[in-house]
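Each chain is listed here by its residues.
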Amino acid sequence: MIEQPHQAKPGDLLRGLARARRTFPLYGGEHPVTMQTIDEVHRLIGRLTVGRPSLRIFIHDDTFYMAKTALLEESLRFSNLVADLRDRDIGFIELQPDLEPWELRAFVEMLNVRPPELANLGGAAAELKKRGVRHIVVGPAPPLLAEEQAELRVDPRDVYRAGLRVADDLYYQASRDLPLDLKKASTVVNSLIDVMTVDKVALLGMAALKNYDEDTCHHSVNVSILSLMVGLHLQLGRPLVIALGVAAMLHDIGKVRVPQEILTKNGGLTRDEQEVVRRHTLYGAHILRNVPGLARLSMVVAFEHHANYNLSGYPQITAKQVPHLLTRLVQVADFFDASTSSRRIYQRPMLPSDAMKFIMNGAGKVFDPLMARVFVQVLGLYPAGSVVELDTGELAVVVRPGEREAARPEVKILADRFREPTTPRPVILEEDRDRQIVREVDPADLYFDVTSL
């Protein structure tokens, strides 16, 4: 069997450059390890530039872009490379097909010149020119016009994966009493906002896949997504919306102080165990007590998100009449995702439509009535990912909420009236008045996997 060549990806290039940047000061430019790393990156550039006049990577908002597409995961993973380039006033790198290995080695060597010294030499572009490098062009990042920024694209799947990575890092840092890297969290939240600005429900499909057992990272990212959707609908303003997204991602961070055997226990918790779990709000506030700026609201949200609108929850709060605005918003999103995600043996998850009814019934007591109403309005009575039965007997999965009617979303029909899988076809129920939803169906009760269709 002939082994297929590895398909070159832009992320591989950034990984190679970051490795070369680290290798050079350790071994020097002529060492075999450095030479091998440079050679691997050079071959990779050759594959990536096939059929192209050049390969251009630029940095915008601490994120690498190539061909107007964000390389978000790589930007987070190789944030030191972003910082190295920014410190040297390099906002873009253009690599041309005739690039030679020695030119790449000169570029990597230039990245190891300290920024003040490089500035005294005339800057990165001038230094490369002095070294005779002709096939690598660098310079400051040009300012982007509004229409150019609108053309930048972020793959929703990349953002979601990046969110999981950042959430995992944050919870690990908190568990080890390390400083929290909130800059990466803000980068992810900014990208989530950018995706929603283009398509407000693009991320709902991923958030709706409930194939995990109350996984903290998935839950944190999902709550952030749901909270951002409502925050954007309320037009809170970008700085506050970013603070909301970060706070939502960190709302349960106090659980790193709760023993895992309690969090993952199969079966109901004793009263003492429930009290231990309840302390996660206090632990979270303590972990976030020194967060600066608007992100400091994360501490408030972590402390209050189980207090309830009428303050009947925990911990007991007497200094105010209602929790903070962001807390009230995150609380609804937190309840919805947690109640529709639990897969513990003793607890069957709520159907999304039942969770929506619970939220509406609890408005004014458990939940802020405005936040409850807007949440249902934004997500619909049958949120994306819900499996529903139509009055025709057909089964469908909800794709996106209706623009005007909360009970008539856009769906994709997956099975006929005999519940036999059929060729998926979209139906907009606001336009197709011959069909309507009669009830939601639990996917666990079906003999086929709706996510595979």
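Described below are features of the structure shown in this document. (Residues numbered from 1 in each chain as written. Predicted model: local features only at pLDDT ≥ 70, side-chain atom pairs only at ≥ 80, totals over all residues. Heavy atoms only, no water.)

## Structural notes on the pairing of strand β2 (residues 63-66)
Consecutive side chains along a regular strand alternate between the two faces of the sheet.
And then number 1: Burial along β2 is two-sided: the residues T63 and Y65 and F64 and M66 are all buried.
And then number 2: Bridge analysis of strand β1 (residues 55-60) against β2 gives four bridges, and the strand direction is antiparallel. The residue of β2 that forms the bridge with I59 is F64.
And then number 3: Where β2 meets strand β3 (residues 69-70), two bridges bridge the pair, whose relative direction is antiparallel. (Buried < 20%, exposed > 50% of the residue type's maximum accessible area, 1.4 Å probe, protein only. Helix = DSSP H or I, 4+ residues; strand = E, 2+ residues; numbered from the N terminus. Pairing = 2+ DSSP bridges.)

## Points about the pattern of salt bridges
Any two side chains of opposite charge can pair, given that their charged atoms come close.
And then number 1: What the rule picks out here adds up to 29 salt bridges.
And then number 2: Its salt-bridge partner being R400, residue E410 comes within 3.7 Å of it at the nearest N-O pair. Placement of E410 in strand β8 (residues 410-415) and of R400 in strand β7 (residues 395-400) is noted, with a sequence separation of 10 residues between them.
And then number 3: Judged by relative accessible area, R400 falls into the partly exposed class, the value being 26%.
And then number 4: Within the structure, one salt-bridge network assembled from shared partners comprises E394, R425, D432 and R435. (Salt bridge = Lys/Arg side-chain N within 4 Å of Asp/Glu carboxyl O.)

## Notes on the sheet that holds β8
And then number 1: Taken in spatial order, the five strands line up as β9-β8-β7-β6-β10 in an open sheet, and their pairing is antiparallel. The outermost strands of the open sheet, each flanked by one partner alone, are β9 (421-428) and β10 (437-441). The sheet shows a mean angle of 35° between the axes of neighbouring strands, taken without regard to direction.
And then number 2: By the bridge criterion, four bridges tie strand β6 (residues 387-390) to β10 in an arrangement that is antiparallel. Each residue of the ladder has a partner; that of V388, found in β10, is E440. (Axes fitted to C-alpha atoms, helices over the stretch in contact; angles between N-to-C directions.)

## Regarding helix α9 (residues 156-175)
And then number 1: Here α9 spans 29 Å end to end across 20 residues, near enough to the 28 Å set by a 1.5 Å rise per residue.
And then number 2: Measuring from the side-chain oxygen of the N-cap residue of α9 to the backbone nitrogen of R157 gives 2.9 Å; that N-cap residue is D155.
And then number 3: Downstream of α9 by one or two residues, D177 has phi in the positive range, about 55°. (Expected span 1.5 Å × (residues − 1). Polar contact = N/O pair within 3.5 Å; in protein donor to acceptor, adjacent residues only side chain to side chain.)

## Points about the sheet that holds β1
Strand pairing in a sheet relies on backbone hydrogen bonds. The paired strands run either parallel or antiparallel.
And then number 1: On the basis of which strands lie adjacent, the open sheet formed by five strands has the order β3-β2-β1-β4-β5 and antiparallel pairing. The open sheet has two edge strands with one neighbour each: β3 and β5 (136-139).
And then number 2: In this sheet, strand β4 (residues 92-95) lies alongside β1 in antiparallel orientation, the contact comprising four bridges. Across the sheet, residue R56 finds its bridge partner in β4, namely E94.

## A look at unusual backbone geometry
And then number 1: In the segment running from Y314 into P315, the intervening peptide bond is cis, with an omega of -10°.
And then number 2: Assignment of secondary structure puts P315 in the loop between α17 (297-304) and α18 (325-339).
And then number 3: Here A67, not a glycine, exhibits a phi torsion of approximately 55°, which is positive.
And then number 4: Positionally, A67 belongs in the loop between β2 and β3.
And then number 5: Note on A67: relative accessible area 65%, which makes it exposed.

## Notes on the packing of aromatic side chains
And then number 1: Scanning the model with the defined rule gives five aromatic pairs in all.
And then number 2: Residues F358 and F367 carry aromatic rings whose centres are separated by 6.4 Å and whose planes lie at 75° to one another, so their mutual orientation is edge-to-face.
And then number 3: The buried category is assigned to F367, whose relative accessible area is 1%.
And then number 4: One aromatic cluster is present, built from ring pairs that chain together F335, F358 and F367.
And then number 5: The ring of F92 is capped by R56, whose NZ or CZ atom sits 4.1 Å from the centre of that ring. (Phe/Tyr/Trp six-rings, centres within 6.5 Å; stacked < 30°, edge-to-face > 60°. Lys NZ or Arg CZ within 6 Å of the ring centre and 35° of its normal.)

## Observations regarding the packing of helix α19 (residues 352-361) against helix α20 (residues 369-379)
And then number 1: Between α19 and α20, the least distance of the axes is 9 Å, while the angle of their chain directions is 155°. Taken as axis vectors, α19 and α20 run roughly antiparallel relative to one another. The way α19 lies across α20 gives a crossing that is left-handed. Between α19 and α20, the contacting residues are M356, I359 and M360 on the first element and A372, R373, F375, V376 and L379 on the second.
And then number 2: Grouping the amino acids of the contact of α19 with α20 by side-chain chemistry returns seven nonpolar, no polar and one charged. (Parallel < 35°, antiparallel > 145°, perpendicular 65-115°, else oblique. Left-handed = near helix turned anticlockwise from the far one by under 90°. Contact = heavy atoms within 4.5 Å. Nonpolar A, V, L, I, M, F, W, Y, C, P; charged D, E, K, R; others polar.)

As far as function goes, none of this settles anything; it's purely spatial.
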